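# Structural description and commentary
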Amino acid sequence: GEPVYVMGLNQLDFPLKVGKEWTQRLDLRQLSDGVVQPYDNRWKVEAFEVVTVKAGTFKAFRITWRQDNRGGQQTWSGTWSLWWSPEVKTYVKQVFHTTGSSQDWELASFVLK
C-alpha cells in the first residue's frame, strides 16, 4: 500500500495523562516560494481507552490535535484524533479532517525490538 505519514509524533509532551493540554508554535517554510508560514498547534489528551485496529487491541491515549495557519496568503486548519499506545510507543490509529479532505489510518502490524 501507499506509505502514510504519521503526524505529530515528535510534538507530544510526555508524560501523557488524561486532561493534559499544551500549545506549540511551528514555523514551516513553504518549498514552493520559501515563505515561512506560522502554524499554531493545540493538543489535549482526551481519554485513556481501549482501541481495536488491524494490528490488535491496545490501551491508548486518545489525543485531539488542532492545527491552524493564519499567516501569509493562505488560511488552513485541521483536526486530528490520535491514539498513542504506551505498549508499542507510537500511534495505532489516526483520523484527520480538514476542509475538503480527510484521512483515516490504523496500524496493521508491528514488531517490537
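To continue, consider the pairing of strand β4 (residues 76-85). Here strand β3 (residues 56-69) pairs with β4 via nine bridges, running antiparallel. Each bridged residue has a counterpart across the sheet, and for Ile-63 the counterpart in β4 is Leu-82. Relative to strand β5 (residues 90-98), β4 runs antiparallel, the two being bridged by eight bridges. Paired with Thr-79 across the bridge in β5 is His-97. Hairpin connection, β4 to β5: the antiparallel pair is bridged by four residues, and Lys-89 has positive phi, about 55°.

Further remarks concern the sheet that holds β5. The six strands are arranged β1-β2-β3-β4-β5-β6 in an open sheet whose pairing can be described as antiparallel. Here the strands that pair on one side only, and so sit at the sheet edges, are β1 (21-29) and β6 (101-106). Across the sheet, the mean angle separating the axes of adjacent strands is 25° when strand polarity is ignored. Bridge count for strand β2 (residues 36-53) against β3 is 14 bridges, and the pairing is antiparallel. Its bridge partner lying in β3, Lys-44 is registered against Thr-64.

The next point concerns the packing of aromatic side chains. Taken as a whole and assessed by the stated rule, the structure comprises seven aromatic pairs. An aromatic cluster is present here, built from Trp-22, Trp-43, Trp-65, Trp-80 and Phe-96 joined pairwise through their rings. Lying over the aromatic face of Trp-22, Lys-20 brings its terminal NZ or CZ to 6.0 Å of the ring centre. Positioned above the aromatic ring of Trp-83 is the side chain of Lys-93, whose terminal nitrogen or guanidinium carbon lies 5.1 Å from the ring centre.

Glancing now at the environment of Trp-83. With respect to the element layout, Trp-83 can be found in strand β4. Put simply, Trp-83 and Ile-63 are 20 residues apart on the chain and 6.2 Å apart in space, counted from C-alpha to C-alpha. Ignoring anything within four residues of it in the chain, the contact list for Trp-83 reads Glu-49, Val-51, Ala-60, Phe-61, Arg-62, Thr-90, Tyr-91, Val-92, Lys-93, Gln-94 and Val-95.

Moving on, we get to the side chain of Asn-41. Among the structural elements, Asn-41 can be located in strand β2. Judged by its relative accessible area of 1%, Asn-41 falls in the buried class. Within the local environment of Asn-41, its side chain forms a polar contact with the side chain of Trp-65, the two groups lying 2.8 Å apart. A polar side-chain atom of Asn-41 sits 2.9 Å from a polar atom in the side chain of Gln-67. Those residues in contact with Asn-41, other than ones at most four positions away along the chain, are Trp-22, Thr-23, Gln-24, Leu-26, Trp-65, Arg-66 and Gln-67.

This paragraph deals with the side chain of Gln-67. Structurally, Gln-67 is set in strand β3. The buried category is assigned to Gln-67, whose relative accessible area is 6%. In this structure, Gln-67 is in contact with Tyr-39, Asp-40, Asn-41, Trp-76, Ser-77, Gly-78 and Trp-80, ignoring residues within four places of it in sequence.

Conventions adopted
- Residues numbered from 1 in each chain as written.
- Predicted model: local features only at pLDDT ≥ 70, side-chain atom pairs only at ≥ 80, totals over all residues.
- Heavy atoms only, no water.
- Pairing = 2+ DSSP bridges.
- Helix = DSSP H or I, 4+ residues; strand = E, 2+ residues; numbered from the N terminus.
- Axes fitted to C-alpha atoms, helices over the stretch in contact; angles between N-to-C directions.
- Phe/Tyr/Trp six-rings, centres within 6.5 Å; stacked < 30°, edge-to-face > 60°.
- Lys NZ or Arg CZ within 6 Å of the ring centre and 35° of its normal.
- Contact = heavy atoms within 4.5 Å.
- Buried < 20%, exposed > 50% of the residue type's maximum accessible area, 1.4 Å probe, protein only.
- Polar contact = N/O pair within 3.5 Å; in protein donor to acceptor, adjacent residues only side chain to side chain.

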